[in-house]
Amino acid sequence: MRRDRPESENPDLLAQDGVSGGIEELPGRVDRYGKAKNTALDVAKYIGGSDQAQELSKQHQRLSSCGDYLVFRHYFTVDQVKLHGARLCMQHLLCPLCAIRRGAKSLRAYLDRWELIKVESPHLRPFLVTLTVKDGPDLLERFKHLKKAQHELWKRRQRKRGSSLDGVAGAVWSYEVKRGQGSGDWHPHLHMIALAEHQPDARELASEWHNITGDSFIVDVRPIDQEDPVSGFIEVFKYAVKFSDQPPADTVHAFLALRGRRLLASAGCFRGVPEPEDLMDDAEALEGLPFVTLFYRYLGKGYSLQGA
Ligand SMILES: [Zn+2]
C-alpha cells in the first residue's frame, strides 16, 4: 500500500518565513525569495512562448515583475525583520514567491487561532489527516471528485450518525495537486488539521473514505507534536503545487484548471479565520519602535541590497 509521507516530501521554506526572523536570518530568507522569483520567471517565460500567451498576457505581465524589489524593516532594538513593501502578483498558483508569502501568513493566522482554542478547550489535540483519491489523467475531474468526497465526509460528521470524524471539533484543510509517481497521472490529495480529544481511527476512516469515494482507501492519520505544532501545520499551509518538482507546463495546466477555486477551507472551531489581506509581514506589535529600512532589488538570478 502506498502511503503519503507528508513530512518527508516537504523540505520547504515556510517554517521560519516571517514567523520569527532576526537580521541573521535575512540573507537566507532573501536567498529563498530569489530562488522563488527565478522559478516564477521560468513559468513566465514558458507562458510567453506557449499557446496561452494571448489568453494569459495579463498574468504573464504581473508574474514577470512580481517581487522586482523588496523592502524590509529591521527593528534593531528587538532584532526583528519584517517584509514591509513589495509589488507582488498575488497569483499563488503560478508564482512560488506569492505562494510562500501566502502560506506563511495563513500559517501564522491559524497557529494564533490554535493558541486561543487551546485555552478554551484544553483537552483538544491536533492531528494531521491526509486523504487521497486515485490518480487520473483529468486534473479537474479528479479535483472535483476529491472535493465532493471531502464535503460528504464532513456532512456525515455533522449528521452524528457514527462517522470516524465524530469527535473532531474543528478542522482546516487544503488541497494539493501533483503528478503521481510512476503513473504520471494527476494525484490530488488534501491535508487537514483535525482537532479532537482522541486520535481519529485510521482504519475506520479508510473504510468510510472508500465507501464515499468508491476508488480510494488511502488515508493517513498522525498526531502533531504539541511542542512543535508548526511541523504539522506546515503541511496544510504549504503550496498547492510543487513548483520546483514540476515543469512550468504542469504549473500552468494546474493554474488553468484550479484558478478561482477555494483550496483552503475550515470548519468547526477553526471557522472564520480571516484570509490574509496582503502578503506583507504584520508589524503592528512593533509600532513606534525604531527601524532601519533595507531595500533589495532583483538583478537577474537573485536579490542585491541596494541601500539601507
Ligand atoms: Zn507573485
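Computed from a prediction, not measured in an experiment: that's the story for all the values here.

Thresholds, definitions, all that
- Residues numbered from 1 in each chain as written.
- Predicted model: local features only at pLDDT ≥ 70, side-chain atom pairs only at ≥ 80, totals over all residues.
- Heavy atoms only, no water.
- Helix = DSSP H or I, 4+ residues; strand = E, 2+ residues; numbered from the N terminus.
- Rg over C-alpha atoms; globule rule 2.2 N^0.38 Å.
- Buried < 20%, exposed > 50% of the residue type's maximum accessible area, 1.4 Å probe, protein only.
- Areas by Shrake-Rupley, 256 points an atom, 1.4 Å probe, with all protein chains shown as cover.
- Lys, Arg positive; Asp, Glu negative; His and termini not counted.
- Charge placed at Lys NZ, Arg CZ, Asp CG, Glu CD.
- Donors = N, O, S within 2.8 Å, 3.2 Å for Na, K, Ca; no water.
- Tetrahedral: all angles 85-135°; square planar, octahedral: opposite > 155°, others 65-115°.
- Polar contact = N/O pair within 3.5 Å; in protein donor to acceptor, adjacent residues only side chain to side chain.
- Core = buried A, V, L, I, M, F, W, Y, C linked by side-chain atoms within 4.5 Å.
- Contact = heavy atoms within 4.5 Å.
- Pairing = 2+ DSSP bridges.
- Axes fitted to C-alpha atoms, helices over the stretch in contact; angles between N-to-C directions.
- Parallel < 35°, antiparallel > 145°, perpendicular 65-115°, else oblique.
- Left-handed = near helix turned anticlockwise from the far one by under 90°.
- Nonpolar A, V, L, I, M, F, W, Y, C, P; charged D, E, K, R; others polar.
- pLDDT = per-residue confidence, 0-100.

1. A look at the overall build of the chain
Moving on, step 1. Helix and strand content of the chain: seven helices and nine strands.
Moving on, step 2. By the compact-globule yardstick of 19 Å for 308 residues, the chain fits well, its C-alpha radius of gyration being 20 Å.
Moving on, step 3. Out of the 308 residues in the chain, the part that is buried amounts to 51%.
Moving on, step 4. Per element, the accessible surface of the chain, about 15,100 Å² overall, is 49% carbon and sulfur.
Moving on, step 5. For the chain, the distance from the average position of its 43 positive side-chain charges to the average position of its 42 negative side-chain charges is 5 Å.

2. Side note on the coordination of the zinc ion
Moving on, step 1. For the zinc ion, every protein donor is listed as Cys66 (SG), Cys89 (SG), Cys95 (SG) and Cys98 (SG), and the spread of their distances is 2.2 to 2.4 Å.
Moving on, step 2. Note that the zinc ion binds four donor atoms; their angles at the metal cover 106 to 114 degrees, and the shape is tetrahedral.

3. With respect to the side chain of His191
Moving on, step 1. Relative to the elements of secondary structure, His191 occurs in strand 5 (residues 189-196).
Moving on, step 2. In terms of polar contacts, His191 uses its side chain to reach the side chain of Glu176, at 3.1 Å.

4. Considering the nonpolar core
Moving on, step 1. Leu63, Phe72, Leu131 and Met192 are the most contacted members of the largest nonpolar core, which totals 70 residues.
Moving on, step 2. Broken down by element, the residue count for this core peaks at eight residues, all from helix 1 (residues 26-48).
Moving on, step 3. Setting aside anything within four residues of it in sequence, one finds Leu63 in contact with Ala40, Val43, Ala44, Ile47, Cys89, Gln91, Leu94 and Cys95.
Moving on, step 4. Counting residues in each nonpolar core, the second largest holds 17 residues, with Trp114, Ile117, Leu195 and Ile224 among its members.

5. A short note on the pairing of strand 6 (residues 219-223)
Moving on, step 1. With four of five residues buried, strand 6 lies mostly within the body of the structure.
Moving on, step 2. One ladder, built from five bridges, connects strand 3 (residues 125-132) with strand 6; its direction is antiparallel. Paired with Thr130 across the two strands is Asp220, which belongs to strand 6.

6. So, the sheet that holds strand 5
Moving on, step 1. Sheet architecture is open: five strands sit in the order 6-3-5-4-7, paired in antiparallel fashion. Each end of this open sheet is capped by a strand with a single partner; those strands are strand 6 and strand 7 (264-268). Within this sheet the neighbouring strands show an average axis-to-axis angle of 15 degrees, counted without direction.
Moving on, step 2. When strand 4 (residues 168-176) meets strand 5, the two strands line up antiparallel, connected through eight bridges. The partner of Glu176 across the bridge, within strand 5, is His189.
Moving on, step 3. On the sheet, helix 4 (residues 139-159) packs against strand 3, strand 4, strand 5 and strand 7 and is oriented at approximately 180 degrees with respect to strand 4.
Moving on, step 4. Helix-sheet contacts for helix 6 (residues 229-237) involve strand 3, strand 4, strand 5 and strand 7, and the interaxial angle to strand 5 is about 140 degrees.

7. Some points on the environment of Arg259
Moving on, step 1. Counting through the fold element by element, Arg259 comes out in the loop between helix 7 (248-258) and strand 7.
Moving on, step 2. Classification of Arg259 as partly exposed rests on a relative accessible area of 36%.
Moving on, step 3. Placed 166 residues apart in sequence, Arg259 and Leu93 show a C-alpha to C-alpha distance of 7.5 Å.
Moving on, step 4. In contact with Arg259, not counting residues within four places along its chain, are Glu55, Leu56, Gln59, Leu93 and Ala254.

8. Here's the deal with the packing of helix 3 (residues 96-120) against helix 6
What describes two packed helices is the angle between their axes and the distance between those same axes.
Moving on, step 1. Closest axis-to-axis distance for the helix 3/helix 6 pair is 10 Å, and the angle between their directions is 130 degrees. Put simply, helix 3 runs oblique to helix 6. Here helix 3 and helix 6 pass one another in a crossing that is right-handed. For the pair helix 3 and helix 6, contact is made by Gly103, Ser106, Leu107, Tyr110, Leu111 and Trp114 and by Pro229, Val230, Phe233, Ile234 and Phe237, respectively.
Moving on, step 2. Looking at the contact of helix 3 with helix 6 residue by residue, the classes come out as nine nonpolar, two polar and no charged.

9. A few points about the confidence of the model for the chain
Moving on, step 1. A residue-level look at the chain finds 93% of positions with pLDDT of 70 or above and a mean pLDDT of 90.
Moving on, step 2. Here residues 1-16 scores under 50 on pLDDT; set against residues more than four positions off or in separate chains, the count is 45 contacts.

10. Thoughts on unusual backbone geometry
Of all residues except glycine, most have a negative phi; of all peptide bonds, most are trans.
Moving on, step 1. Of note, the phi angle at Met90 is positive, near 60 degrees, even though the residue is not glycine.
Moving on, step 2. Structurally, the position occupied by Met90 is in the loop between strand 2 (80-85) and helix 3.
Moving on, step 3. Judged by relative accessible area, which is 45%, Met90 ranks as partly exposed.

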